[in-house]
Amino acid sequence: MSFSNVLTDIAGLYETRDFRLRRNNFPYSEAVTYIVAFSLLLRLIIAVSYLNSYDTEWNIMWGVQLSEGFFSAHSHVNELDYPPLYLYPLYVVGKLIKVRSIGGYPPLRMLAIKFLPCLADSLTEVVLYRLASKRNRLLGLLAALLWALNPAGIFNCACWGQTDCVLMCMAALLMLALQEGHVAASGILWAAMCSTKLQGLYLTPVVGMEVLTVCFGSLHPREFSFRKIRKPAVMRFVKFLSAAALTLAVIYLPFMFGSAFSDYESELGFSEKFFKPITVYSGGLAKYPYVTMNADNIYMLCGLNGIKDKVRILPGISVSAIGTFFLLMAMAAVVAVYIFGKRRSHWLAGFMFMESVFMLTCRQHERYQIVTLVLLMGAFVTVADRRLLTVFNLNSFVIFFNQFRVLSTVRERTDWWRYYRYANGSPEWLDRRRSFAAVNSLLNVILFIASMILVMRFFFDGEFGKPTVSRILDLSFRKGEYDESKE
């Protein structure tokens, strides 16, 4: 067949197609592809244009040092406080940085360290689209678009170059796997998430309760029966545990043996060196023993930023103890909503727990709240309640401003603006940044209270669809009628 005949056949094929746009032939897949491609391009343009050495140079330094011994990294890389899995992309970054034309040119240097976070943040749109399209494909496009344009995510990956967006993508995949009942995939993703960043452990209570529900059915006392604990359900739960354990072993053991048999830190014993990749978790927690580290939460509002968490605000009670108490209460709340809740949503339960951890526990940084956004978006598209969209948008603004204030303060202190010699001004807003932090913290606390009321209503209120104010008035009216009947 000649080339001209092929062209004729293709032309004939297209002549028979109807290109007019209708609901039944809307190109959803193409639209999502374009959204992801354009959002990635936007992030990469910002990434190479926004030069930032804060935290990024630490990661670049780790990447370069990994070439001195990859699997023994936890024994010789300076102040390494990351679990093993993210060391693989950092190793690639280190190799790229050693290329003079890349490492010596700041925009390409930024591209090397920021590419994976930007890619992961863009791929989260695909996960959200798949999740939402099960209910409505148009809702899926809205979720993808909102994520593509979310200022908190763009600033985190494209400007700051942080790894939080990688963690969010993995969290979205994990929660989607739970949504679809894939227990083995859930175990792998949970283990991978915990092996990427310390904050990955935070979702463990929700993942545990959801897996139990997926395997054994509702845990509500009126619905749960020990008869449900049969061999297929038990084997399903064992499949989750096995997948998680095997994944952890594959990730950790090479680094544990590499650390144990390395020539570094010869003063340490075999077992101490062997468990070094695991003790990085406790080391990471102990590295910043402060009530809050620039996190706009309740402690920032109380003026406790940068204060050691051992400080006592009540006789014999430290802020650290109070934070631990709130952590235990948040875990108890997760158990309560799974056992006694009228409805179920692991997305909303995850948001409740992560938001409570950020707002009420110690040693939180300004970026740690960002994971709540992917959980909120997942809750919005699965519950399909517009109030959750409002909470998502407000949370995005608060989280963006928290990050923006911290990173911009660091950049302003480098006096970058003095490049313009004719400018006699200075960033006066730095003198007022504590006021900005107080205002943002106040907004965050108010939003936290409002969102927790909404979450508790979802799980325990039989008339969740009613506005909260109307529900309060209804309850007050009923209480008044009850009091009158008693009289």
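Quick caveat, the model's predicted, so the values are computed rather than measured. (Residues numbered from 1 in each chain as written. Predicted model: local features only at pLDDT ≥ 70, side-chain atom pairs only at ≥ 80, totals over all residues. Heavy atoms only, no water.)

Caption draft 1: Looking closely at the overall build of the protein chain. A tally of helices and strands in the protein chain yields 22 helices and four strands. Dimensions of the protein chain along its principal axes, counting C-alpha atoms only, are 85 × 85 × 65 Å. Within the span of the protein chain, comprising 487 residues, buried residues form 47% of the whole. Long-range contacts, defined here as pairs at least 24 residues apart, represent 69% of the contacts in the protein chain between residues at least 6 apart. Entry remark: accessible area of the protein chain is about 24500 Å², with carbon and sulfur atoms responsible for 65%. Here the protein chain carries 49 positive and 35 negative side-chain charges, and the mean point of each set is 4 Å from the other. (Helix = DSSP H or I, 4+ residues; strand = E, 2+ residues; numbered from the N terminus. Buried < 20%, exposed > 50% of the residue type's maximum accessible area, 1.4 Å probe, protein only. Contact = heavy atoms within 4.5 Å. Areas by Shrake-Rupley, 256 points an atom, 1.4 Å probe, with all protein chains shown as cover. Lys, Arg positive; Asp, Glu negative; His and termini not counted. Charge placed at Lys NZ, Arg CZ, Asp CG, Glu CD.)

Caption draft 2: Local environment of the pattern of salt bridges. One pass over the full model with this rule turns up 12 salt bridges. When the shortest N-O distance is used, the salt bridge between Glu 57 and Arg 109 registers 3.0 Å. Of this pair, Glu 57 sits in helix H3 (residues 56-65) while Arg 109 sits in helix H7 (residues 106-133), and the two are 52 residues apart along the sequence. For Glu 57, a relative accessible area of 27% gives the class partly exposed. In this structure, the salt-bridge partner of Asp 461 is Arg 457, at a minimum N-O distance of 2.9 Å. Arg 457 sits in the buried class, given a relative accessible area of 7%. Each of Arg 130, Lys 134 and Glu 180 takes part in a single network of salt bridges with overlapping partners. (Salt bridge = Lys/Arg side-chain N within 4 Å of Asp/Glu carboxyl O.)

Caption draft 3: Seen up close, the packing of aromatic side chains. On inspection of all chains with the given rule, the structure shows 28 aromatic pairs. Seen in terms of ring centroids, Phe 71 and Phe 255 are 5.1 Å apart; in terms of plane orientation they differ by 70°. Their pairing is edge-to-face. On the criterion of sequence distance, the pair formed by Phe 71 in the loop between H3 and helix H4 (73-76) and Phe 255 in helix H13 (residues 231-260) is long-range, its members being 184 residues apart. Using a relative accessible area of 37% as the deciding quantity, one classes Phe 71 as partly exposed. (Phe/Tyr/Trp six-rings, centres within 6.5 Å; stacked < 30°, edge-to-face > 60°.)

Caption draft 4: The side chain of Ser 345, seen in detail. Mapping Ser 345 onto the fold places it in the loop between helix H17 (319-340) and helix H18 (346-360). Relative accessible area serves as the criterion here: at 8%, Ser 345 is assigned to the buried category. Looking at Ser 345, its side chain comes within polar contact range of the main-chain nitrogen of Leu 348, at 3.2 Å. In contact with Ser 345, not counting residues within four places along its chain, are Thr 382, Val 383, Phe 458 and Phe 459. (Polar contact = N/O pair within 3.5 Å; in protein donor to acceptor, adjacent residues only side chain to side chain.)

Caption draft 5: Representation of the environment of Asp 296 within the structure. Take Asp 296: it is sitting in the loop between strand E1 (292-293) and helix H16 (298-301). A residue is classified by how much of its surface remains accessible, and Asp 296, at 0% relative accessible area, is buried. A polar side-chain atom of Asp 296 sits 2.8 Å from a polar atom in the side chain of Arg 405.

Caption draft 6: Layout of unusual backbone geometry. Despite not being glycine, Asp 55 shows a phi value in the positive range, around 75°. Inspection of the secondary structure puts Asp 55 in the loop between helix H2 (28-49) and H3. Relative accessible area serves as the criterion here: at 23%, Asp 55 is assigned to the partly exposed category. With phi around 50°, Glu 79 is a residue other than glycine that occupies positive phi space.

Caption draft 7: Representation of the packing of H18 against helix H19 (residues 371-383) in the model. Packing of H18 against H19 brings their axes to within 8 Å, and their N-to-C directions diverge by 150°. The orientation of H18 relative to H19 falls into the category roughly antiparallel. Crossing of H18 over H19 shows left-handed handedness. Here Trp 347, Leu 348, Gly 350, Phe 351, Met 354 and Glu 355 of H18 lie close against H19, whose contacting residues are Val 371, Thr 372, Val 374, Leu 375, Leu 376, Gly 378, Ala 379 and Thr 382. When its residues are assigned to classes, the contact of H18 with H19 shows nine nonpolar, four polar and one charged. (Axes fitted to C-alpha atoms, helices over the stretch in contact; angles between N-to-C directions. Parallel < 35°, antiparallel > 145°, perpendicular 65-115°, else oblique. Left-handed = near helix turned anticlockwise from the far one by under 90°. Nonpolar A, V, L, I, M, F, W, Y, C, P; charged D, E, K, R; others polar.)

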